[in-house]
Amino acid sequence: MLDQIRAQLPGWVNESRALAVHGRVAAYIPELAKAPADALGITLMGRGGETASEGSHDLKFTMQSISKVFTLLLALMDHGEEGVFAKVGMEPSGDDFNSMLKLELVEPGIPFNPLINAGAIAVTSLIKGETPARKIERILRFFRDAAGTNELRINEAVSRSEAATAHRNRSLAYFLKDNEVLGGEIDVEELLQVYFDHCSVEIDCTQLARMALVLAFGGIDPVTGRELVPRRYVRIAKSFMVTCGMYNASGEFAIRTGIPAKSGVSGGIMAIVPGQYGIGVVGPALGRQGNSTAGVHLLERMSTAFDWSLF
Ligand SMILES: NC(=O)CC[C@H](N)C(=O)O
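For every chain, the first residue of the written sequence is number 1, and numbering continues from 1 along that sequence. In keeping with the predicted nature of the model, local features appear solely for residues at pLDDT of at least 70, side-chain atom pairs appear and are counted solely at 80 or more, and the whole-chain, interface and lining totals rest on all residues.

Here the focus is the sheet that holds strand S3 (residues 51–55). By the convention used here, strands pair only if DSSP detects at least 2 bridges between them. A run of H or I in DSSP becomes a helix once it reaches four residues, and a run of E becomes a strand once it reaches two; helices and strands are each numbered from the N terminus. Pairing within the open sheet is antiparallel, and its five strands lie in the order S3-S2-S9-S8-S7. Each end of this open sheet is capped by a strand with a single partner; those strands are S3 and strand S7 (261–263). Averaged over all adjacent pairs, the angle separating strand axes in this sheet is 10°, with direction ignored. In terms of strand pairing, S7 meets strand S8 (residues 268–273) through three bridges, oriented antiparallel. Within S8, the residue paired with Ser263 across the bridge is Ile269. Think of it this way: build a C-beta for each residue from its backbone, and any pair within 7 Å is a contact. Think of each axis as a best-fit line through the C-alpha atoms, taken over the contacting stretch in the case of a helix, with angles from 0 to 180 degrees between the N-to-C directions. Sheet strands touched by helix H9 (residues 205–216): strand S2 (41–45), S3, S8 and strand S9 (277–282). Its angle to S9, the strand with the most contacts, is close to 145°.

Structure (structure tokens):
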């Protein structure tokens, strides 16, 4: 099957790359604005670790919101479902990813889900570790295990750039503190630093495909046979990816593509074909809802061709 995909990929990537003109590279984190707007890369990985790659699959980018899927898994392993869902809900918000609207509007003021910024900040507060450094160390350890490589690093320039301009995220976090979603013992600035750092973990399409592969196989890395996450938690994460993973375009993506996916403002998309492939995509030009225009087009094209939709 990967052979068949390999044969088609160059044509499809070329076609989808053209869609980049309909998007813009995120500039609200200044460091992200340096990314090449017209790039598009993809890696698919099968159960033995075999890959099909095309385009700018070697391009390094930061995980941004894709990291939220894995911090959610870590928080679930640290605190169980009850602990996590006391702090975040399970519903799509219908608002932009950085919105604070419903935190005031809807009682009891907990974020709607763990994949919007407010929810992800609340989830990050649950990661165990005596100090912020220890927390980020545990997060990195988990990301590296899932990616099957010790090479994952924090891009410090991106993290600093985000910290310097994160007026919205700061507002969200202080609002959460006031709503008592964040307990009295939590130092908001330290918490945000951990959040910026995990959003700034640098990756390429192949490393991201490997992380996706672990989820495609229910939490067991099929390459090594090692169980990294309990199956039930992976099911929760995949459900959130379907309902909220592409922000306000999640409904349309489910209809057109029909596979669990998570996007980030760096233009990355992690997608899963359950039991078959982990997929990493990068295309830095984003549409209005914050998803890679070329990347979404490519995934839709492939899903249609290979009948991947779960629905
Ligand atoms: N959509 C995203 O990728 C958002 C993540 C980004 N680090 C932020 O908090 O704004």
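On we go from here.
What follows deals with the site of the ligand. Placing a C-beta atom from the backbone of each residue, we mark the residue near a molecule or strand if the atom is within 6 Å of it. All residues in the neighbourhood of the ligand are listed as Gln64, Ser65, Phe97, Asn98, Asn117, Glu162, Asn169, Cys199, Gly264, Val265 and Gly290. The nonpolar class holds Ala, Val, Leu, Ile, Met, Phe, Trp, Tyr, Cys and Pro. Asp, Glu, Lys and Arg form the charged class, and all remaining residues, Gly among them, are polar. In terms of residue class, the shell around the ligand is made up of three nonpolar, seven polar and one charged. As annotated, the domain borders come from an automatic or database domain assignment. Each of domain 1 (2–62 + 203–306) and domain 2 (65–199) gives at least three residues to the shell around the ligand.

Moving on, we come to the domain arrangement of the protein. Quite often, the size of an interface is put as the accessible area lost when its parts meet. Examined at the domain level, the protein breaks down into domain 1 (2–62 + 203–306) and domain 2 (65–199). The gap between the C-alpha centroids of domain 1 and domain 2 is 21 Å. With 33 residues of domain 1 at the contact, the number on the domain 2 side is 27 residues. Those elements that place two or more of their residues in the side of domain 1 that touches domain 2 are H9, helix H10 (231–244), S7 and S8. In terms of residue count, H10 provides more of the side of domain 1 that touches domain 2 than any other element does, seven residues in total. Partitioned by chemical class, the residues of the side of domain 1 that touches domain 2 number 19 nonpolar, ten polar and four charged.

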